[in-house]
Structures are given as C-alpha cells and as structure tokens.
Amino acid sequence: MKKAEIVGYNRANLGRTASQELRGQGMVPCVLYGGTEQVSFYVPQYLFRPLLFTPDVYEVTINIEGKIYTGILQDSQYHPTTDSIIHADFLEITPDKVIKVAVPVKLHGPSEGQKKGGKLVQKMQKIRVQGPAKNIPDYINIDIKDLDLGKSVKVGTIAEIEGVKILEAASNPVAFISIPRALRGQ
C-alpha cells in the first residue's frame, strides 16, 4: 500500500453542535477505531485531498498531538450539496492485522481484440481483497494482450497474490472486448 500522513488534534467536545463548529472552521471530525481504544479527533480539510481523489489505497500515519497511529481510510461522508467531506472513519491497523480493502485494477494491453477493432470495457475498477496489511498490493495487474473479440477476463483467472484472498466471485468479469456493430455480421 502507498503511504500518507495526517496531523490531527484531539476533540474535546463530541456531538452534533461541536462537529458543526469544527466544519465551519474548515476541519473534519474523524474517528479512529479497531485498536485498543476509540479516538475522536479532527483534521484540516485540505489534508484529505491526496486520500480521497485517487483510486489508490493508502496506509495513513495519523499523528494526533504527538501520538502516532497507523490506519486506513475506511469510510468518508460528504455534504449533499457542496460535496465537501464532513466526516471520516479510520481503521487502526498493524502489519499482521487482517483487513478487507478494495484494490485498484490496472490492465496491460493492448489486446488482440482491440487491434481488430473491438472496444475494451472495464467492468471492475477495484477488486476487494482480504489479508494482512503488509501483504496488500498497491494495485492488481491483469495482462489482457491475448484477449480477443467477445472474450473476457474473469476474477478467477487472476494470479494468486501471496498472503491475500480475493473476495469477489470468480465468475465476475473484470474486463471484456465488445464486438463493434460493423464486425458483428462477419
């Protein structure tokens, strides 16, 4: 997994009113759970940019007033009209803790079907996996060079990743080559 760092501050007051005051100051209320204790803290909103606007999965080092935690962004909530982040949940992890996370898919081609005029359609942008945090890859590589017109790559054909279990059904298509209308009659 890729790494990022966030600096936050402990929350003195919990509840709706305190959270709304923090949001008014450009802060995001957050919760870190999954460890020995649940920690409520807040972070400046601009620090979330590299975590939210990317398909990558990040192992986040959270510095809360000098105390260091390691976690992953588990969930984020957004304002319905402004689309600004209003809350974030982090799951505390250790290198051996088993976690579930969605990892981005990278297709390597071009395929034989694309060379013949077909169109590549990627059905799955991410694949859910489970395993120790130290074994989670940055992304899953899938080679599509041998993919022909009308053929697909399914989850079951993905090479095993050491120490990681793929949680998607083996019959789900990751990508396929669609046949254009001009070639269907031939």
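First, a word on what this report is: a plain description of the structure on this page. (Residues numbered from 1 in each chain as written. Predicted model: local features only at pLDDT ≥ 70, side-chain atom pairs only at ≥ 80, totals over all residues. Heavy atoms only, no water.)

Here we look at the overall build of the protein
Thinking step 1. Counting secondary structure elements, the protein contains 4 helices and 13 strands.
Thinking step 2. In terms of overall dimensions, the protein is more spread out than a globule: its C-alpha atoms have a radius of gyration of 21 Å, far above the 16 Å expected for 186 residues.
Thinking step 3. With respect to the three principal axes, the spread of C-alpha positions in the protein is 70 × 40 × 20 Å.
Thinking step 4. When contacts within the protein are restricted to residue pairs at least 6 apart in sequence, those whose partners lie at least 24 apart make up 66%.
Thinking step 5. Total accessible area computed for the protein in this model is approximately 10,900 Å², and 48% of it derives from carbon and sulfur atoms.
Thinking step 6. Of the side-chain charges in the protein, 23 are positive and 19 negative, and the distance between the mean point of each set is 8 Å. (Helix = DSSP H or I, 4+ residues; strand = E, 2+ residues; numbered from the N terminus. Rg over C-alpha atoms; globule rule 2.2 N^0.38 Å. Contact = heavy atoms within 4.5 Å. Areas by Shrake-Rupley, 256 points an atom, 1.4 Å probe, with all protein chains shown as cover. Lys, Arg positive; Asp, Glu negative; His and termini not counted. Charge placed at Lys NZ, Arg CZ, Asp CG, Glu CD.)

Some thoughts on the sheet that holds strand S5 (residues 67–78)
Thinking step 1. Spatial strand order, S1-S3-S2-S6-S5-S4: 6 strands in a closed barrel with mixed pairing. Taking the axes of each pair of neighbouring strands and ignoring which way they run, one obtains an average angle of 45° across the sheet.
Thinking step 2. The sheet contact formed by S5 and strand S6 (residues 85–92) spans 7 bridges and is antiparallel. Among the inter-strand pairings, aspartate 75 is bridged to a residue of S6, identified as aspartate 89.
Thinking step 3. Seen against the sheet, helix H1 (residues 16–24) touches strand S2 (27–33), strand S3 (39–44) and S6 and runs at an angle of roughly 125° to S2. (Pairing = 2+ DSSP bridges. Axes fitted to C-alpha atoms, helices over the stretch in contact; angles between N-to-C directions.)

A closer look at the side chain of serine 40
Thinking step 1. On the secondary structure map, serine 40 appears in strand S3.
Thinking step 2. In contact with serine 40, other than residues within four places in its own chain, are Asn10, Arg11, Leu14, Cys30 and Val31.

With respect to the layout of surface pockets
Thinking step 1. As a volume, the largest pocket reaches approximately 240 Å³.
Thinking step 2. Lining the largest pocket are 14 residues; nearest its centre among them are Asp56, Val57, Leu73, Val101 and Lys126.
Thinking step 3. Looking at the lining of the largest pocket, the elements with two or more residues in it are helix H2 (49–52), S5 and strand S7 (98–108).
Thinking step 4. Here the residues of the lining of the largest pocket sort into 9 nonpolar, 2 polar and 3 charged. (1 Å grid on protein atoms, 1.4 Å probe; cavity = no way out; pocket = protein on both sides within 12 Å on 5 of 7 lines; lining within 4 Å. Points joined across faces, edges and corners; volume = space filled by probe spheres on them. Nonpolar A, V, L, I, M, F, W, Y, C, P; charged D, E, K, R; others polar.)

Describing the packing of aromatic side chains
Thinking step 1. With the rule as written, the count across this model stands at 3 aromatic pairs.
Thinking step 2. Put simply, the rings of Phe41, Phe48 and Phe90 pair up and form one aromatic cluster.
Thinking step 3. Its end group placed over the ring of tyrosine 139, lysine 106 keeps NZ or CZ at 4.0 Å from the ring centre. (Phe/Tyr/Trp six-rings, centres within 6.5 Å; stacked < 30°, edge-to-face > 60°. Lys NZ or Arg CZ within 6 Å of the ring centre and 35° of its normal.)

A look at H1
Residues that lie three or four places apart on an α-helix share one face, since the helix turns once every 3.6 residues.
Thinking step 1. Among all positions of H1, only Ala18, Ser19 and Leu22 are buried. Angularly, the buried residues of H1 cover 100° about the axis, an arc narrow enough to put them on a single face. Exposed positions of H1 whose direction lies more than 90 degrees from the buried face are Arg16, Thr17, Glu21 and Gly24.
Thinking step 2. Contact partners of the buried residues in H1: S2 and S3.
Thinking step 3. The first or second residue beyond H1 is glycine 26, which carries a positive phi of 85°. (Buried < 20%, exposed > 50% of the residue type's maximum accessible area, 1.4 Å probe, protein only. Arc of directions from axis to C-beta.)

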